[in-house]
Amino acid sequence: MKDLTKGKILPLLLGFAVPIAVGNIFQLFYSLADTRIVGSFLGEEALAAVGATGSVNFLILGFCMGVCNGFSIPVAQKFGAKDESGLRRFVANSVWLSVIFAAVMTVVVCILCRQILIWMDTPANILEGSYRYIFVIFLGIPVTYLYNLLSGIMRALGDSKTPLIFLILSSVLNILFDLGAILILHMGVAGAAWATVTAQGISGVLCLIYMKKKYTILKISKDEWKLNGSCIARLCGMGIPMGLQYSITAIGSVVLQTAVNRLGSTAVAAVASGGKLAMFFCCPFDAMGSTMSTYAGQNLGAQKLDRVDKGIFACSGLALVYSVIACAVLLFTGQYLALLFVDGTETRLIEMIAAFLRWNCIFYFPLALVNIVRFTIQGLGFGKLAILAGVCEMAARSIVGFYFVPVFGFTAACLASPI
């Protein structure tokens, strides 16, 4: 556990953010491994089938992750205020809420997922593959809640390193499971999905075992396990807005994906592959956001708001330096990085992936500022206000999808996130 309410700010932020960034990178290995192995062994059509599920995947799982991140904010605030009993009550009630949310969401989205793909105009030649993949991913919603809730609680207590260890292990397992499911069991794209769910489940179970043994502060009494109305209201007030922020953002992505689907399976594969590479380079921005959420929450609990201001400026400086480096790398190596996903003979697809990366990387610093400020606001308890950022992103992507992609084609799709 780490107290972020005292000490030099920049080293604290850097020390907390680096493990989260590395963890985010390894978490991306789940989908990167799927994409690489599917593209190499099952072909472009299968690659497009997995890629076509990206936006609806984020729509649903992004809500799960946002809710869990929101649940961790009151925990961080109580940790900063040194209120251990209050902290445990929030942890217990977040568990009850996660069980309910996971059960309801799994049933609803599994029933609707095929129809959602049809509404999105998923190309007929990849519809069945997309459905087989995303149905299994949605069956794993309880696993998503398990891992993200537990890792969020650990980060709220100042521990960003332990979740990283379990993610590294599960990422290696995911790659092995992918190869086994596709090459040995011949399960196709569904096998890649089962590998992802299984690997994340292992990570979540290991987090649970570790926390039960190591975190004495979380020895929850029978009385603290009881449902508490005020805790439930506070957790919902933080978790649901954060979940909706992710989902509202994803609605714009769904609209954009629908427009891209109409450009054909090659465009779908290019956006999917380019998007995954871009997400890889954006992991530090996500880590900075998560860091500022915990940092702001703990310092609010300790009533040290002057440190929050200083933290925003320090984190923005880090973001500027990294943005310049990442942009330079992607501008000059995008076409080579595309080879991680496709065969070198797919020259047209490689050119499209490189173009996607070029348009996105030059806008990395504004993206970093969005994350830093938005997550700081959430850490201070203003989750509803932060939804405005998600609304703006949804509006921009929707406008691009409805009006620009039909006219300007693939280039417009590349500019959706920067806009």
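Up top is the structure these notes are about.
Figured I'd write up the structure that's included with this text. (Residues numbered from 1 in each chain as written. Predicted model: local features only at pLDDT ≥ 70, side-chain atom pairs only at ≥ 80, totals over all residues. Heavy atoms only, no water.)

This paragraph deals with the overall build of the protein chain. For the protein chain, the count of helices and strands is 15 helices and 0 strands. Compactness check: the protein chain gives a C-alpha radius of gyration of 21 Å against a globular reference of 22 Å for 419 residues, within 12% of the reference. Here the C-alpha coordinates of the protein chain stretch approximately 60 × 45 × 35 Å along the principal axes. Taking all 419 residues of the protein chain together, the buried fraction comes to 58%. Within the protein chain, contacts between residues at least 6 apart in sequence are counted, and of these 84% link residues at least 24 apart. With the model as given, the accessible surface of the protein chain reaches about 17,100 Å², and the carbon-plus-sulfur share is 71%. Charged side chains of the protein chain number 29 positive and 19 negative; the gap between the two group centres comes to 11 Å. (Helix = DSSP H or I, 4+ residues; strand = E, 2+ residues; numbered from the N terminus. Rg over C-alpha atoms; globule rule 2.2 N^0.38 Å. Buried < 20%, exposed > 50% of the residue type's maximum accessible area, 1.4 Å probe, protein only. Contact = heavy atoms within 4.5 Å. Areas by Shrake-Rupley, 256 points an atom, 1.4 Å probe, with all protein chains shown as cover. Lys, Arg positive; Asp, Glu negative; His and termini not counted. Charge placed at Lys NZ, Arg CZ, Asp CG, Glu CD.)

Here we come to the side chain of glutamine 378. Relative to the assigned elements, glutamine 378 resides in helix α13 (residues 364-379). Beyond its immediate stretch of four places on either side in the chain, glutamine 378 contacts Ile73, Met238, Met242, Gln245, Gly383 and Ala386.

This next bit is on the packing of helix α4 (residues 84-119) against helix α9 (residues 229-261). Taken N-terminus to C-terminus, the directions of α4 and α9 make an angle of 20°; their axes are 11 Å apart at the nearest point. Here α4 lies roughly parallel to α9, going by the angle between them. Considering the relative orientation of α4 and α9, their crossing is right-handed. Facing Arg89, Phe90, Asn93, Ser94, Leu97, Phe101 and Trp119 of α4, the residues of α9 in contact are Cys231, Ile232, Arg234, Leu235, Cys236, Ile240 and Thr258. Taken together, the residues of the contact of α4 with α9 break down into 9 nonpolar, 3 polar and 2 charged. (Axes fitted to C-alpha atoms, helices over the stretch in contact; angles between N-to-C directions. Parallel < 35°, antiparallel > 145°, perpendicular 65-115°, else oblique. Left-handed = near helix turned anticlockwise from the far one by under 90°. Nonpolar A, V, L, I, M, F, W, Y, C, P; charged D, E, K, R; others polar.)

A word on α13. The end-to-end C-alpha distance of α13 is 23 Å, a good match for the 22 Å that 16 residues give at a rise of 1.5 Å each. Inspection of α13 places Tyr364, Ala368, Asn371, Ile372, Arg374, Phe375, Thr376, Gln378 and Gly379 among the buried residues, and these make up the whole buried set. Turning to α13, the residues buried within the fold contact α3 (54-80), α9, α10 (265-301), α11 (305-337), α12 (347-361) and α14 (383-408). Downstream of α13 by a residue or two, glycine 381 has a phi angle that is positive, lying close to 100°. (Expected span 1.5 Å × (residues − 1).)

As a packed pair, α3 and helix α6 (residues 141-156) sit with axes 8 Å apart at the nearest point and diverge in direction by 25°. On the basis of the axis angle, α3 is roughly parallel to α6. Of the two elements, α3 crosses α6, and the hand of that crossing is right-handed. Taken together, the residues that form the contact of α3 with α6 break down as 16 nonpolar, 5 polar and 1 charged.

A word on unusual backbone geometry. Backbone geometry follows two general trends: most residues other than glycine have a negative phi, and most peptide bonds adopt the trans configuration. Positive phi outside glycine occurs at lysine 82, with the angle close to 60°. Structurally, the position occupied by lysine 82 is in the loop between α3 and α4. Owing to a relative accessible area of 55%, lysine 82 belongs among the exposed residues under this scheme.

For the coordinates displayed, the defined rule picks out 10 aromatic pairs. Aromatic side chains tryptophan 96 and tryptophan 225 sit 6.2 Å apart centroid to centroid with 80° between the ring planes, which places their arrangement in the edge-to-face category. With tryptophan 96 in helix α4 and tryptophan 225 in the loop between α8 (188-214) and α9, the pair connects residues that are 129 residues apart, well separated along the chain. We classify tryptophan 96 as partly exposed; its relative accessible area is 40%. Ring geometry for phenylalanine 280 against phenylalanine 281: centres 5.8 Å apart, planes inclined by 70°, an arrangement best described as edge-to-face. (Phe/Tyr/Trp six-rings, centres within 6.5 Å; stacked < 30°, edge-to-face > 60°.)

It is worth spelling out α12 at this point. Every α-helical turn comprises 3.6 residues, leaving residues that sit three or four positions apart pointing alike. Look at α12: 21 Å from first C-alpha to last across 15 residues, which is about the 21 Å you get at 1.5 Å a residue. Turning to α12, the residues buried within the fold contact α10, α11, α13 and α15 (410-414).

With that settled, consider the pattern of salt bridges. Taken as a whole and judged by the stated rule, the model has 9 salt bridges. Residues joined by salt bridges that share partners form a network here, namely Glu84, Arg88 and Glu224. (Salt bridge = Lys/Arg side-chain N within 4 Å of Asp/Glu carboxyl O.)

Side chains of Phe41, Leu42, Leu139, Ile175, Leu179, Leu183, Ile184, Leu185, Met187 and Trp194 sit close together on the surface and give an oily, nonpolar patch of about 880 Å² of accessible area. Ranked by the residues each element gives to the nonpolar patch, the list is headed by helix α7 (residues 162-184), at 4 residues. Here isoleucine 175 is to be found in helix α7. (Patch = residues over 30% accessible without salt bridge, like charges linked within 9 Å, V, L, I, M, F, W, Y side chains within 5 Å.)

Let us look at the side chain of serine 130. On the secondary structure map, serine 130 appears in helix α5 (residues 124-139). Ignoring sequence-local partners within four residues, the contact set of serine 130 consists of Ala49, Ala52, Thr53, Leu117 and Thr122.

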